[in-house]
Amino acid sequence: MRPTPATSLLLALLAPAAASAAVTVFPMDLAGFDAAAGNPPVVVDFDAIAPGTDIGGQTIGGVTLSPSATGAPLIVVRASDTMTPAAGYTGIVDASTNTLPATSGQNVLSPGGATLGPGPDDPVENDDLVLTFATPVSAVGFDHLSQSADGFSFSNVTVFDSSDTVLFSGSISISNLGGGGAPGGADFWGIVSDGNDIARVEVDEGDNNNSFPDCNIGYDTIRVGGLSSVTTTTTASTTSTTAPCDPTTAARARLSAQCSCADATNHGAYVKCIAHAVKAEVKAGTVPKSLVRGIKKCAARSTCGKSGFVTCCRTSRQGVTKCSTKHGAAKCKAPKGGSARVGTHASCCDACTDTGCSVD
Ligand SMILES: [Ca+2]
Ligand SMILES: [Ca+2]
Ligand SMILES: [Ca+2]
Ligand SMILES: [Ca+2]
């Protein structure tokens, strides 16, 4: 469905203010990925891991590799050991060509092991993969290995930030080396963000039948890049400087550089960060003690670290406006005889007023 202007507006309102990063995907385009992300290094090539090892849950080069809940175990194999059994499939042209090619060294990740058996058989051919980054990154690429590169992958990839907001979701394109029963192949897929906000990549492989020898996939040569200087919008740069600020707001604007609202992954941690930072400022004599309570309250009454939340300004019939945080713009409803609008800032201390002096 093509989004109508109304749904676009709704989506814009529902999107957390923090999700400002833009992503670009590079299906079958390693050169484009390298150019956009500055040649990210290969951090996982599976080549130093003993064939037969189940690496599920292991962290390699900052990347934790996990199977999905119903997926096959993550077995590293020698690519040359991968084989398609002659029995059990229909549509075989030449089973000896239905193997997974390595794109680095000799080893690949072949969930379920070296035998690329027919479906439905989750422990063998539900070849899902979840990549989790302890420190979010800006670029992730890998080679998607097909048992049969027939032009149709049933592999979907979803990329999340650390608030579980979906940055991208779509299918992985693969080459066509000869239609049904085609030989195995390898195709690059990658994503590049303009911020260090890629926290998780989930590949959901969905062919679970025995029609054509193509229900198994594998992975090799995972590239990961991070931006050395974080370019996500910091709260300090979006702080309005057009009007002189009251002391509390001025202090909050300064503290926001230490505790980014936009990058906060959980609300409690954000509030704690502000409390910690303000304590240090009081100690240093840069914030008077009398402002502490108000500053902490502004942090608590914010959507920082609360994915999908909005500030909501509700004006009563009598013309009194009150701010609260709501889970989604749809929950920001007008009181009887009054009006409501989604706030323009992350904290209720700024959301409903338009003084030109605000934070976030
Ligand atoms: Ca390899
Ligand atoms: Ca498999
Ligand atoms: Ca199939
Ligand atoms: Ca499968």
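What counts and how
- Residues numbered from 1 in each chain as written.
- Chains lettered and ligands numbered in written order.
- Predicted model: local features only at pLDDT ≥ 70, side-chain atom pairs only at ≥ 80, totals over all residues.
- Helix = DSSP H or I, 4+ residues; strand = E, 2+ residues; numbered from the N terminus.
- Buried ≥ 20, exposed ≤ 12 C-beta atoms within 10 Å, placed from the backbone.
- Contact = placed C-beta atoms within 7 Å.
- Expected span 1.5 Å × (residues − 1).
- Arc of directions from axis to C-beta.
- Pairing = 2+ DSSP bridges.
- Core = buried A, V, L, I, M, F, W, Y, C linked by C-beta atoms within 7 Å.
- pLDDT = per-residue confidence, 0-100.
- Axes fitted to C-alpha atoms, helices over the stretch in contact; angles between N-to-C directions.
- Parallel < 35°, antiparallel > 145°, perpendicular 65-115°, else oblique.
- Left-handed = near helix turned anticlockwise from the far one by under 90°.
- Nonpolar A, V, L, I, M, F, W, Y, C, P; charged D, E, K, R; others polar.

Caption draft 1: Layout of the overall build of the protein chain. Helix and strand counts for the protein chain stand at 7 helices and 16 strands. Every one of the 360 residues in the protein chain was classed for burial, and the buried ones make up 42%. Of the contacts formed within the protein chain by residues at least 6 apart in sequence, a portion of 72% connects residues at least 24 apart.

Caption draft 2: Up close: helix α6 (residues 267-284). The terminal C-alpha atoms of α6 lie 26 Å apart, and with 18 residues this matches the ideal 26 Å at 1.5 Å per residue to within 8%. Listed as buried for α6 are Tyr270, Val271, Ile274, Ala277 and Val278. Summarising the axial view, the buried residues of α6 lie within an arc of 130 degrees, below the 170-degree limit, and thus occupy one face. Along α6, the residues that are exposed and aim more than 90 degrees away from the buried face are Gly268, His276, Ala280 and Lys283. Where α6 is buried, its residues contact α5 (247-255) and α7 (292-300). Positioned one or two residues after α6, Gly285 has a phi angle of 80 degrees, which is positive.

Caption draft 3: Fine view of the pairing of strand β14 (residues 309-315). Of all 7 residues making up β14, 5 are buried, and the element is well covered by its neighbours. Note that β14 and strand β15 (residues 321-327) share 7 bridges and pair antiparallel. Paired with Thr315 across the two strands is Thr321, which belongs to β15. Connecting the antiparallel pair β14 and β15 is a turn made up of 5 residues, with Gly319 showing a positive phi of about 90 degrees. Two strands pair when backbone bridges link them, and β14 and strand β16 (residues 339-342) are joined in this way by 4 bridges, in the antiparallel orientation.

Caption draft 4: Representation of the sheet that holds strand β9 (residues 155-160). Taken in spatial order, the 6 strands of this open sheet run β3-β4-β7-β12-β9-β10, and their pairing is antiparallel. Every other strand in the sheet has two partners, leaving β3 (59-60) and β10 (166-171) as the edge strands with one partner each.

Caption draft 5: Broad picture of unusual backbone geometry. Of note, the bond from Gly119 into Pro120 is cis; its omega dihedral lies within 30 degrees of zero at -5 degrees. Among the structural elements, Pro120 can be located in the loop between β6 (107-109) and α3 (122-125). Even without being a glycine, Asn39 presents a positive backbone phi close to 50 degrees. Position of Asn39 relative to the elements: it lies in the loop between α2 (30-37) and β2 (42-44). Overall, the presence of 11 C-beta atoms within 10 Å leaves Asn39 in the exposed class. For Asp164, which is not glycine, the phi dihedral falls at a positive 65 degrees. Asp164 gets classed as exposed once you count the C-beta atoms within 10 Å, which come to 11.

Caption draft 6: Region of the structure containing the nonpolar core. Judged by nonpolar contacts, the single largest core of 43 residues is most densely connected at Val108, Val140, Ile198 and Val201. For this core, the element with the most residues is strand β11 (residues 185-193), which contributes 5 residues. Here Val140 is in contact with Leu131, Gly190, Ile191, Ile198, Val201 and Val224, once residues within four sequence places are set aside. By size, the runner-up hydrophobic cluster in this structure holds 26 residues, among which are Leu255, Ala329, Cys332 and Ala346.

Caption draft 7: Layout of the confidence of the model for the protein chain. For the protein chain, mean pLDDT is 88; residues scoring 70 or higher make up 88% of the total. A low-confidence stretch, residues 1-19 stays under pLDDT 50, and its non-local contacts, those more than four residues away or across chains, total 17 contacts. In this model residues 229-244 is a low-confidence stretch, pLDDT under 50, and it forms 36 contacts with partners more than four residues away in sequence or in other chains.

Caption draft 8: Inspection of the packing of α6 against α7 at higher detail. Where α6 meets α7, the closest approach of the two axes is 9 Å, and the angle between their N-to-C directions is 160 degrees. Considering the angle they form, α6 stands roughly antiparallel to α7. Two packed elements cross with a definite hand, and for α6 against α7 that hand is right-handed. On α7, the residues touching Tyr270, Val271, Ile274, Ala275, Val278 and Val282 of α6 are Val292, Ile295, Lys296, Ala299 and Ala300. Residue classes in the contact of α6 with α7 are distributed as 10 nonpolar, no polar and 1 charged.

Caption draft 9: Representation of the packing of α5 against α7 in the model. Two numbers describe how α5 lies on α7: the axes approach to 10 Å, and their chain directions differ by 60 degrees. Considering the angle they form, α5 stands oblique to α7. Read as a crossing pair, α5 and α7 show a hand that is right-handed. Contacts between α5 and α7 involve Thr248, Ala251, Arg252 and Leu255 from the first element and Gly294, Ile295 and Cys298 from the second. Considering only residue class, the contact of α5 with α7 consists of 4 nonpolar, 2 polar and 1 charged.

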